[in-house]
Amino acid sequence: MKKALVLALAGAMSLSLMACGSSASSTESATEAPAAETAAEETTEASAEAASEEQENEAAAFTTLTEGVLTVGTNAEFPPFEYVGDDGEPDGFDIALIKAIGEKMGIEVQVENMEFDSLVTSIGSKIDVAIAGMTVTEERQASVDFSDSYYDAVQSVIVPADSEIATIEDLQGLKIGAQLGTTGEFIIEDDIEGAEAATYNKAVDAVNDLINGKLDAVIVDRNPASVFAEKFPDDVKALNGEDFGFAVEQYAIAVPKGDTALLDAINAALAEVQEDGTFDALVAQYIEEGDASDEAASTEEASEEATEAAADETTEEAAAEATSAAE
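Residues numbered from 1 in each chain as written. Predicted model: local features only at pLDDT ≥ 70, side-chain atom pairs only at ≥ 80, totals over all residues. Heavy atoms only, no water.

Chemist: I'd like to hear about the sheet that holds strand 12 (residues 236–240), residue by residue, with values.
Modeler: Strands belonging to one sheet form pairs held by backbone hydrogen bonds; the direction of such a pair is parallel or antiparallel. Spatially, 10-9-11-8-12 is the arrangement adopted by the five strands of the open sheet, whose pairing is mixed. The sheet terminates laterally at strand 10 (196–200) and strand 12, the two strands that pair on one side only. Recorded for the sheet is a direction-independent mean angle of 30 degrees between the axes of neighbouring strands. Here strand 8 (residues 155–160) pairs with strand 12 via five bridges, running antiparallel. Across the sheet, V157 pairs through a bridge with L239, a residue of strand 12. (Pairing = 2+ DSSP bridges. Helix = DSSP H or I, 4+ residues; strand = E, 2+ residues; numbered from the N terminus. Axes fitted to C-alpha atoms, helices over the stretch in contact; angles between N-to-C directions.)

Pasting the structure below:
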């Protein structure tokens, strides 16, 4: 009887200990679960904070003349890359491109329209960068740095529609127009024997003088040359610069000399724009479709005014001659 009672007590104690062990295990598991969740939340928060800090560091990696603003210089006389839109503000492929780059950089873009010849000297003092169908040259690289190239181009020769000019030798000794400070001017002065360079602040003014017989030819980049030739097919034609031995050029964004932080930020943003399809969409919109009607219309209007002025001048001369003959 005592033996049975001892065995019963032993069994009861054993069950009690097992229950206690089970209870302790459950309590420990219940405690571990919230702790794991808390640790996961802390890890997520830490990752978010790290990403945020990384973005802030990237944004702070470069500086601009005005905090939070990228001031961009251009010369809106170079369709379809830059021209003045209906709203009176600079528009075109380059303008749309730099705005897309600014969006990737997380910075506001303000565009300043200025003379092409003053762009390089203004970088770092009046503007942060310049984008204006600007060719990378050794001369410019002495003053500024350039982003990765975003467009390949070649010069064209615009001549009267009935001209027989076909080679660079045919240009020797002629009066040729070009926009001031552009590759066209350099070619006239350095590569064409005996040629006289007539420089203009606007390419459109050179084309107007060509149409009115004051020039023998105009040298300008291929895309704007095509715009002018398509607008005035009865007056001028655009000849392929490669037939004249002109080399292919590369357009890039000019930045202050030695500012690697800004240069790296622009190159990274440019790469993103090229990779996500934005760049191709802008090429289709502005270059392939030739969306430069405003500038071309301005050219036509100026040309008509010049023609009328020339006609008036001829009429006055004829009247003067008639009066002289009558006397």
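Chemist: Explain unusual backbone geometry to me, using residue names and the numbers behind them.
Modeler: Here the bond from P79 into P80 is cis, since omega is 5 degrees, no more than 30 degrees from zero. For P80, the position within the fold is in the loop between strand 1 (69–74) and strand 2 (83–84).

Chemist: Break down the environment of D235 for me, with residues and values.
Modeler: Along the polypeptide, D235 turns up in the loop between helix 7 (222–231) and strand 12. Judged by relative accessible area, D235 falls into the partly exposed class, the value being 37%. When the C-alpha atoms of D235 and N212 are compared, they prove to be 9.3 Å apart, with 23 residues separating the residues in sequence. Sequence-distant contacts of D235, defined by excluding residues within four places in its chain, comprise V159, P160, A161 and I211. (Buried < 20%, exposed > 50% of the residue type's maximum accessible area, 1.4 Å probe, protein only. Contact = heavy atoms within 4.5 Å.)

Chemist: How would you sum up the packing of helix 2 (residues 93–105) against helix 8 (residues 260–275)? Please name residues and give values.
Modeler: Describing two packed helices takes the angle between their axes plus the distance from one axis to the other. Here helix 2 crosses helix 8 at 105 degrees, and the two axes come no closer than 8 Å. With respect to helix 8, the element helix 2 is oriented roughly perpendicular. Every residue of helix 8 that contacts helix 2 at L97, A100, I101, K104 and M105 is listed here: L262, A265, I266, A269, L270, E272 and V273. (Parallel < 35°, antiparallel > 145°, perpendicular 65-115°, else oblique.)

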